[in-house]
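What follows is the residue order along each chain.
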Amino acid sequence: MRRHQLDIQLKTPDQIEMMRAAGLVVAEALRRMREAVAPGVSTADLDAIAESTIREAGAAPSFKGYHGFPASICSSVNEQVVHAIPSPTQVLREGDLVSIDCGAVLNGWHGDAAITVGVGEVDPALLKMAAVAEDSMWAGIAAAARGAASGKGRLTDISHAVENAVRRGGRYGIVDGYGGHGIGTEMHQDPHVLNHGRPGKGPRLVPGMALAIEPMITKGSPRTAELADGWTVVTRDGSMAVHVEHSMALLPDGVWVLTAFDGGRGRLGDLVTSRQPADSPTR
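Residues numbered from 1 in each chain as written. Predicted model: local features only at pLDDT ≥ 70, side-chain atom pairs only at ≥ 80, totals over all residues. Heavy atoms only, no water.

Novice: Any chance you could break down the packing of aromatic side chains for me, citing the residues and the numbers?
Specialist: In the structure shown here, the tally under the stated rule is one aromatic pair. Taking the centre distance of 4.9 Å and the plane angle of 80° together, the rings of Phe69 and Trp231 count as edge-to-face. In this pair, Phe69 sits in the loop between strand 3 (60–61) and strand 4 (73–77) while Trp231 sits in the loop between strand 13 (224–226) and strand 14 (233–235), placing the two residues 162 residues apart along the sequence. (Phe/Tyr/Trp six-rings, centres within 6.5 Å; stacked < 30°, edge-to-face > 60°. Helix = DSSP H or I, 4+ residues; strand = E, 2+ residues; numbered from the N terminus.)

Rendered as structure tokens:
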């Protein structure tokens, strides 16, 4: 079933259960990569961890081969915002920030999430920026849950909530042109979810919608450039950047953060659907 105009794919609760299985594969891959991040580890090492974890689960990496992308993760370090290609020559150093974006497809359904991890001892101001991005993502997810529950929510309520949380957190650039997206039987679907904007615009937030919410913020200017490899996006001013993401779905009785082990309950409480056990591990 698809909504007209933007071609938004609405999922049944059973289909969302299948997306949850894919989301947990992504969550486990990110957990293992987070634990492996350390000075001296290359981004290719992290990519190998992701691919082996995904394939052990009987899934396939969503990113590998996508429009020719050669790896299972995007591993963006420091001024790299998104889409950086893992490399054995990109070795993590003390004080770096690495944003790891990972996707998996299982039985035809996709999961997609990203984390930003500090390498060793990191400037507290950079860790704060990563925390602000994380808080803004959860603010966007909460706005979606409340909007669907009220029957009055619109897509840009998410965008507005993300932007407000970033602005409350400090003076950061919100990357323009990149944002979240619908997700389901394809990794990228309608609608595009901006990380800034006025509320009350766009399609209604209704049960069956599945969205990836992914703030990207910088320590300086929000302007970006794409490198000659055709993938890596960097800040134009060389400032540090962070990127976080979760895939979530709206159900009749609440939201389900499909790529969080606890389904989002730790951050969202009773906004989370009853399909997510209340005593599930957070890992």
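Novice: Could you give me a rundown of the UniProt feature "domain: Peptidase M24" (unreviewed entry) in the chain, with the residues and numbers involved?
Specialist: Feature annotation in UniProt places "domain: Peptidase M24" (unreviewed entry) on residues 17–248, given in this structure's numbering. Along residues 17–248, the helical share is 33% and the strand share 25%, with 11 Å between the first and last C-alpha atoms. (UniProt positions renumbered as here; feature names shortened; annotations may be inferred.)

Novice: An account of the nonpolar core is requested, with residue identities and associated values reported.
Specialist: Ile141, Ile158, Leu205, Leu211, Ile213, Ile217 and Met248 are the most contacted members of the largest nonpolar core, which totals 39 residues. Elements that contribute at least two residues to this core include exactly helix 3 (124–150), helix 4 (155–169), strand 11 (210–213), strand 16 (246–251) and strand 17 (254–257). Sequence-distant contacts of Ile213, defined by excluding residues within four places in its chain, comprise Met137, Ile141, Ile158, Val162, Val193, Val244, Glu245, His246 and Met248. Ile54, Ala59, Ala104 and Ile115 belong to the second-largest nonpolar core, a separate cluster that totals 24 residues. (Core = buried A, V, L, I, M, F, W, Y, C linked by side-chain atoms within 4.5 Å. Buried < 20%, exposed > 50% of the residue type's maximum accessible area, 1.4 Å probe, protein only. Contact = heavy atoms within 4.5 Å.)

Novice: Help me get a handle on the UniProt feature "binding site: a divalent metal cation 1" (unreviewed entry) in the chain, residues and values and all.
Specialist: Mapped onto the present numbering, the UniProt feature "binding site: a divalent metal cation 1" (unreviewed entry) falls at Asp101, Asp112 and Glu245. Spatial clustering of the annotated residues is evident: they stretch over 145 residues in sequence, but the largest pairwise C-alpha distance comes to 7.9 Å. Among the residues just listed, Glu245 line the largest pocket. Mapped onto the secondary structure, Asp101 falls in strand 6 (residues 97–106). In this fold, Glu245 is placed in the loop between strand 15 (241–243) and strand 16. Given the relative accessible area of 1%, Glu245 is considered buried. If sequence neighbours within four positions are ignored, Glu245 has contacts with Asp101, Asp112, Ala113, Ala114, Met137, His181, Ala212, Ile213 and Glu214. (1 Å grid on protein atoms, 1.4 Å probe; cavity = no way out; pocket = protein on both sides within 12 Å on 5 of 7 lines; lining within 4 Å.)

Novice: Which residues make up the packing of helix 3 against helix 4, and what are the values?
Specialist: For the pair helix 3 and helix 4, the least separation of the axes is 8 Å and the interaxial angle reads 150°. Put simply, helix 3 runs roughly antiparallel to helix 4. Considering only the axes of helix 3 and helix 4, their crossing is right-handed. Taking contact as the criterion, the partners of Lys128, Val132, Asp135, Ser136, Ala139, Gly140, Ala143 and Ala144 in helix 3 are, on helix 4, Asp157, Ile158, Ala161, Val162, Ala165, Val166 and Gly169. (Axes fitted to C-alpha atoms, helices over the stretch in contact; angles between N-to-C directions. Parallel < 35°, antiparallel > 145°, perpendicular 65-115°, else oblique. Left-handed = near helix turned anticlockwise from the far one by under 90°.)

Novice: Summarise the sheet that holds strand 16; cite the residues concerned and give the values.
Specialist: With antiparallel pairing, five strands are arranged side by side in an open sheet as 10-9-11-16-17. Of all the strands in the sheet, just strand 10 (189–193) and strand 17 have a single pairing partner and so form its edges. Averaged over all pairs of adjacent strands, the angle between their axes in this sheet comes to 25°, without regard to strand direction. Of the pairings in the sheet, the one linking strand 11 to strand 16 comprises four bridges and is antiparallel in character. What sits directly across from Ile213, in strand 16, is His246. Against the sheet, helix 3 contacts strand 11, strand 16 and strand 17, and its axis sits at roughly 10° relative to strand 16. Docked against the sheet, helix 4 engages strand 10, strand 11 and strand 16, running at close to 35° with respect to strand 10. (Pairing = 2+ DSSP bridges.)

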